[in-house]
Amino acid sequence: MGTLIGSVLSADVFARYLRLKGHDVVFVSGSDEHGTPIEIEAIKRGVDFKALTDQYHSLITKLFDEFRISFDNYTRTHNPIHIKFCQEFFMKLYEKGYIFTKEVRQLYCPKCQRFLPDRFVEGTCPYCGYEKARGDQCDACGRVLDPTDLINPRCSICGSEPVVKSSKHWFFDLPKFSDRLKKWLESNPRLPANARHFSLKWLEEGLKPRAVTRDNKWGIPAPFPGAEDKTIYVWFEAVLGYVTATIEWAAKKGDQELWKDYWMDPETRSVYFIGKDNIPFHTIILPALLMAYDERLILPWNVSSTEYLTFEGQKFSKSRGVGVWLDQALEWFPPDYWRYYLIKIRPEKSDTNFSWTDFQQAVNNDLNNNLGNFIHRVLTFIYRYFDGIIPQPKDFDEKDEEMIHFLEEMPAGVGRLLEDEITLKQALEQVMTLSARGNAYLNLKAPWHTIKKDKELAGTTLYVSAQIVGCLSILLEPFIPDTAKKLREMINLKLEEYGKNVWDQAGSQLLKPGHKINKPTPLFEKIPDEKIKELKRITGGG
Ligand code: ZN
Ligand code: ZN
């Protein structure tokens with residue numbers, strides 16, 4: 001759940017919005033298949049690396065699809081395009097003089113008879129004292145580490161104490177890019193404060209050359225002469241997956257060079273959605289690599305990072321059976337219930353907490369009572385009293401005018417929150433005020449009374465209300481796309497009839513008098529208390 005809201009779901013909301021605005025969007029990501037966690041798991045389970053990643057990649061791809069993540073390309077890092085590109089990429093850096101070799105002292109497990117890169121070692125963080133810091137990064141303070149930095153190191157596979165041995169490695173001359181990185185960070189006011197401060201602080205402390213090679217067996221073979229038994233460090237190649245996913249996307253479209261129209265056009269805005277632990281790799285490592293390779297490559301335009309999501313006040317933990325996992329989630333509720341709730345509690349400025357009671361209220365109150373009931377009341381009324389035809393309005397009174405004006409302002413207001421500030425949570429809240437206002441308007445106008453003596457007056461109320469429904473069917477699309485689609489089918493609204501920028505038209509009275517709608521059906525179902533009780537028990541949430 002944390003991964004979903006931190007990266008892919010947030011990015012999906014953003015991408016869907018941009019498409020409705022008529023922007024040219026390429027939305028990519030992929031399975032990061034190399035690296036020590038996978039290697040360790042395969043060793044522990046006694047299975048082949050590739051077989052394990054095949055299994056995960058197909059499962060993840062299926063789940064993202066079921067959560068309606070609208071990728072233009074979802075790739076994987078163990079594919080020929082990525083491997084070839086990364087090898088050529090690092091050879092070019094080597095030829096440009098940005099890569100040098102050095103003998104390093106490295107941790108080695110005598111029992112497992114292997115070097116212990118990155119997460120093959122655990123120990124105490126020298127900066128904050130966290131006892132379960134990994135060899136590549138500390139989860140508690142976020143600092144990027146070297147395995148030999150750890151105090152009391154232990155082998156992650158067998159738990160024994162490693163010894164120090166010498167090994168030759170290839171290093172990326174990161175300090176060479178300090179000045180340019182600083183300039184870029186300082187001249188990029190869009191970057192969120194947490195990402196900017198973290199990165200500038202790292203620069204102040206002084207960047208060190210970082211080893212590009214590892215003694216891992218599973219990974220992309222290092223291309224440097226003499227490095228035949230080494231692989232490229234996963235964090236140096238995984239971030240290049242954004243580029244190779246675009247290359248693969250372009251190749252699938254039959255135009256090998258098309259990726260350059262995006263990656264080498266200064267007008268392109270690349271926006272990254274990540275969890276906060278990935279900040280240094282997107283604001284220091286990736287930009288430095290791009291600068292080193294080719295001046296023309298575009299640097300991140302914005303990086304939207306989220307804080308952590310907890311579960312009923314605890315950390316999600318597969319081993320302790322605490323939390324909800326994506327595959328289970330869809331057995332219980334449709335994707336839109338999850339999407340809605342996760343965006344509502346998106347950890348934008350601070351950590352947030354998943355709570356079942358809160359989830360139930362979000363579905364029952366927000367979706368069912370507020371949104372669902374408003375839409376259902378309006379559409380059934382039109383269906384029953386106006387033969388499913390949008391009535392011709394009479395003159396608007398003050399309340400009608402107020403509602404129409406509120407509606408007109410809505411798309412631009414929500415758009416600003418999405419596009420300029422990337423506050424998806426607030427944007428969703430804003431959209432939901434439409435149906436709340438709509439409900440209040442409907443109660444005030446009480447067409448179920450006026451219809452008895454003045455059908456034209458009731459018709460005006462329903463005309464205005466129908467415009468709110470039409471607007472919702474577009475503004476909800478980035479957040480809860482299945483619902484938005486079902487709603488558009490009910491009201492007979494076809495996106496393709498509105499040209500490229502349908503978003504900006506959403507507030508402009510889309511449903512004309514005489515337009516025919518289909519038979520409405522309820523969009524949501526309430527979640528009973530017993531169900532929540534049961535789920536709390538299953539998921540360790542109480
Ligand atoms: Zn630490
Ligand atoms: Zn060991």
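Here's a quick rundown of the structure. (Residues numbered from 1 in each chain as written. Chains lettered and ligands numbered in written order. Predicted model: local features only at pLDDT ≥ 70, side-chain atom pairs only at ≥ 80, totals over all residues. Heavy atoms only, no water.)

**Focus: helix H12 (residues 335-344)**
- Summarising burial for H12: nine of the ten residues are buried, a large majority.
- Buried within H12 are the following residues: Pro335, Asp336, Tyr337, Trp338, Arg339, Tyr340, Tyr341, Leu342 and Ile343. (Buried < 20%, exposed > 50% of the residue type's maximum accessible area, 1.4 Å probe, protein only. Helix = DSSP H or I, 4+ residues; strand = E, 2+ residues; numbered from the N terminus.)

**A closer look at the coordination of the zinc ion (ligand 1)**
- Summarising the metal site, the zinc ion (ligand 1) is bound by the protein donors Cys125 (SG), Cys128 (SG), Cys138 (SG) and Cys141 (SG), whose distances to it range over 2.3 to 2.4 Å.
- Angles of 106 to 115° at the metal separate the four donor atoms of the zinc ion (ligand 1), which places the site in the tetrahedral class.
- According to the relative accessible area criterion, Cys125 is buried, its value standing at 2%. (Donors = N, O, S within 2.8 Å, 3.2 Å for Na, K, Ca; no water. Tetrahedral: all angles 85-135°; square planar, octahedral: opposite > 155°, others 65-115°.)

**Remarks on the coordination of the zinc ion (ligand 2)**
- Distances from the zinc ion (ligand 2) to its protein donors, Cys109 (SG), Cys112 (SG), Cys155 (SG) and Cys158 (SG), fall within 2.2 to 2.4 Å.
- Taken together, the four donor atoms coordinating the zinc ion (ligand 2) span angles of 104 to 113° at the metal, a pattern that classifies the geometry as tetrahedral.
- Along the chain, the residues donating to the zinc ion (ligand 2) fall in the pattern C-x2-C-x42-C-x2-C. In this pair, Cys109 sits in strand S3 (residues 99-109) while Cys158 sits in the loop between strand S7 (151-155) and strand S8 (163-172), placing the two residues 49 residues apart along the sequence.

**As for the packing of helix H13 (residues 356-385) against helix H19 (residues 529-538)**
- Packing of H13 against H19 brings their axes to within 10 Å, and their N-to-C directions diverge by 150°. Relative to H19, H13 is oriented so that their crossing is right-handed. Contacts from Trp356, Thr357, Phe359 and Gln360 of H13 reach H19 at Asp529, Ile532, Leu535 and Lys536.
- Along the lines of polarity and charge, the residues of the contact of H13 with H19 split into four nonpolar, two polar and two charged. (Axes fitted to C-alpha atoms, helices over the stretch in contact; angles between N-to-C directions. Left-handed = near helix turned anticlockwise from the far one by under 90°. Contact = heavy atoms within 4.5 Å. Nonpolar A, V, L, I, M, F, W, Y, C, P; charged D, E, K, R; others polar.)

**Some details on the packing of aromatic side chains**
- Applying the stated criterion across every chain yields a total of 42 aromatic pairs.
- When the centroid spacing of 6.4 Å and the interplanar angle of 70° are considered together, the rings of Phe90 and Phe236 count as edge-to-face. Taken together, the residues Phe90 in helix H4 (residues 80-95) and Phe236 in helix H7 (residues 234-238) connect sequence positions 146 residues apart.
- With relative accessibility at 0%, the residue Phe90 sits in the buried group.
- Judged by relative accessible area, Phe236 falls into the buried class, the value being 1%.
- Ring geometry for Phe100 against Phe171: centres 5.8 Å apart, planes inclined by 15°, an arrangement best described as stacked. In this pair, Phe100 sits in strand S3 while Phe171 sits in strand S8, placing the two residues 71 residues apart along the sequence.
- When its relative accessible area of 31% is taken as the criterion, Phe100 is described as partly exposed.
- Three or more aromatic residues joined by ring pairs form one cluster here, namely Phe311, Phe316, Trp325, Trp332, Phe333, Tyr337, Trp338, Tyr341, Phe354, Trp356, Phe359 and Phe524.
- The ring of Phe120 carries Arg114 above its face, with NZ or CZ at 3.9 Å from the centroid. (Phe/Tyr/Trp six-rings, centres within 6.5 Å; stacked < 30°, edge-to-face > 60°. Lys NZ or Arg CZ within 6 Å of the ring centre and 35° of its normal.)

**Some thoughts on the sheet that holds S8**
- In spatial order, the strands read S4-S3-S8-S9; together these four strands make up an open sheet with antiparallel pairing. Of all the strands in the sheet, just strand S4 (114-115) and strand S9 (210-211) have a single pairing partner and so form its edges.
- Bridge count between S8 and S9: two bridges; the pairing is antiparallel. Residue pairing for S9: Phe171 is matched across the bridge by Ala211. (Pairing = 2+ DSSP bridges.)

**Observations concerning empty space enclosed by the protein**
- Tallying each qualifying case throughout the model produces one cavity of 30 Å³ or more.
- Counted as a void, the largest cavity has a volume near 50 Å³.
- What lines the largest cavity is simply His34, Gly35, Asp118, Arg214, Asn216, Trp218, Gly219, Thr231, Ile232, Tyr233 and Val234. (1 Å grid on protein atoms, 1.4 Å probe; cavity = no way out; pocket = protein on both sides within 12 Å on 5 of 7 lines; lining within 4 Å. Points joined across faces, edges and corners; volume = space filled by probe spheres on them.)

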